[in-house]
Amino acid sequence: MYVNPRSPIKREYHDHFGDARRLRQPLKNREGGVPGGDPVTLQEIVAQCMRDSATWFPDKAFDLAFQTLSLCGEAGELANKVKKVERGSDPANDLFPGIVEEAIDTFIYLMDVFAILGVDPEEAYHAKRATNFRRFEPDPTTVGSGRPGVSGSVSGSPGEG
Ligand SMILES: [Mg+2]
């Protein structure tokens, strides 16, 4: 994905997440007074998201079409906020909390999709990353030779294809 180096979102990203140490110790649910334990694996988060969904929206929780549409809706809300910053309509600082909220809304629906599919996203991630590695990782024998170091197209993103 191309990221404009002058983008306020990019600067915000760096300001807020540039220090990855902050991500090593996430707040625990109990610290926020929310019941349900502190999942430590994605599979546990998948189960927790689906439990919440089944409790709060029992008629729709296991509906793949509904969850997928909801995922796309939240991704659209995320994109709309980023668009407003990119357009210059709103300061990045003002929209940053909302951008994070829409990103996590998207994440929650994605976890529900994995629950319905019965797939462990960690396993699926590692399998896909291995595919991407073979596809995109520069070939050390060709790095610096001026030739593309990957087989096939060098454009696009790891999620394509
Ligand atoms: Mg939302």
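Residues numbered from 1 in each chain as written. Predicted model: local features only at pLDDT ≥ 70, side-chain atom pairs only at ≥ 80, totals over all residues.

Peer 1: Where do I start with the overall build of the protein in this structure?
Peer 2: When you go through the protein residue by residue, the secondary structure sums to 5 helices and 0 strands. Within the protein, the proportion of its 161 residues that are buried is 12%. Pairs at least 24 residues apart make up 58% of the contacts formed inside the protein by residues separated by at least 6 positions. (Helix = DSSP H or I, 4+ residues; strand = E, 2+ residues; numbered from the N terminus. Buried ≥ 20, exposed ≤ 12 C-beta atoms within 10 Å, placed from the backbone. Contact = placed C-beta atoms within 7 Å.)

Peer 1: Honestly, helix α4 (residues 92-117) in this entry has me stumped. Any pointers?
Peer 2: Residues lying three or four places apart along an α-helix face the same way, a consequence of the helix completing one turn every 3.6 residues. Taking 1.5 Å of rise per residue, the 26 residues of α4 would be expected to cover 38 Å, and the 36 Å separating its terminal C-alpha atoms lies within 8% of that figure. Those residues of α4 not exposed but buried are Ala92, Leu95, Ile99, Glu102, Thr106, Tyr109, Met111, Asp112, Phe114 and Ala115. Positive phi appears at glycine 118, one or two residues downstream of α4, with a value of about 70 degrees. (Expected span 1.5 Å × (residues − 1).)

Peer 1: How do you make sense of helix α3 (residues 64-87) when you look at a structure like this?
Peer 2: When the terminal C-alpha atoms of α3 are compared, their 34 Å separation across 24 residues agrees well with the 34 Å that a helix rising 1.5 Å per residue should span. Turning to α3, its buried residues number three or more, namely Gln67, Ser70, Glu74, Lys81 and Val85. Glycine 88 sits one or two positions beyond α3 and adopts a positive phi of about 90 degrees.

Peer 1: Sorry, what's going on with the packing of α3 against α4 here?
Peer 2: The packing of two helices is summarised by the inter-axis angle and the distance between the axes. Between α3 and α4, the shortest axis-to-axis distance is 8 Å and the interhelical angle comes to 165 degrees. Comparing their axes, α4 and α3 come out roughly antiparallel. Pair α3 / α4 crosses with left-handed handedness. In terms of residue class, the contact of α3 with α4 is made up of 14 nonpolar, 5 polar and 7 charged. (Axes fitted to C-alpha atoms, helices over the stretch in contact; angles between N-to-C directions. Parallel < 35°, antiparallel > 145°, perpendicular 65-115°, else oblique. Left-handed = near helix turned anticlockwise from the far one by under 90°. Nonpolar A, V, L, I, M, F, W, Y, C, P; charged D, E, K, R; others polar.)

Peer 1: Got a minute to help me understand the confidence of the model for the protein in this structure?
Peer 2: Reading fine detail from the predicted coordinates is not recommended where pLDDT is low. Counting all residues, the mean pLDDT for the protein is 81, and 68% of those residues have values of 70 or more. Per-residue pLDDT, averaged within each element of the protein, yields its smallest value for helix α1 (residues 8-17) (57) and its largest for α3 (98). Overall, residues 149-154 carries pLDDT values under 50, and its contacts beyond four positions in sequence, including any with other chains, amount to 12 contacts. (pLDDT = per-residue confidence, 0-100.)

Peer 1: How should the environment of aspartate 120 be read in this particular structure?
Peer 2: Relative to the assigned elements, aspartate 120 resides in the loop between α4 and α5 (121-136). Among the residues examined, aspartate 120 registers 14 C-beta atoms within 10 Å and is labelled partly exposed. For the pair aspartate 120 and threonine 41, spaced 79 residues apart in the sequence, the C-alpha separation amounts to 9.8 Å.

Peer 1: Please clarify how the nonpolar core should be interpreted in this entry.
Peer 2: Side chains of nonpolar character tend, in soluble globular proteins, to be buried together. Residues Val46, Cys49, Met50, Met111, Phe114 and Ala115 constitute the largest nonpolar core, which totals 6 residues. Put simply, the parts of the chain that give this core at least two residues each are α2 (42-56) and α4. In this structure phenylalanine 114 touches Val46, Val119 and Pro121, once residues within four positions along its chain are discounted. (Core = buried A, V, L, I, M, F, W, Y, C linked by C-beta atoms within 7 Å.)

Peer 1: How should I be thinking about the packing of α2 against α4 in this particular structure?
Peer 2: Direction vectors running N to C along α2 and α4 enclose 95 degrees, while the axes themselves pass 8 Å from each other. Viewed along their axes, α2 and α4 adopt a mutual orientation that is roughly perpendicular. Touching Ile45, Val46, Ala47, Cys49, Met50 and Ser53 of α2 are Ile108, Met111, Asp112, Phe114 and Ala115, all from α4. Residues belonging to the contact of α2 with α4 are distributed by class as follows: 9 nonpolar, 1 polar and 1 charged.

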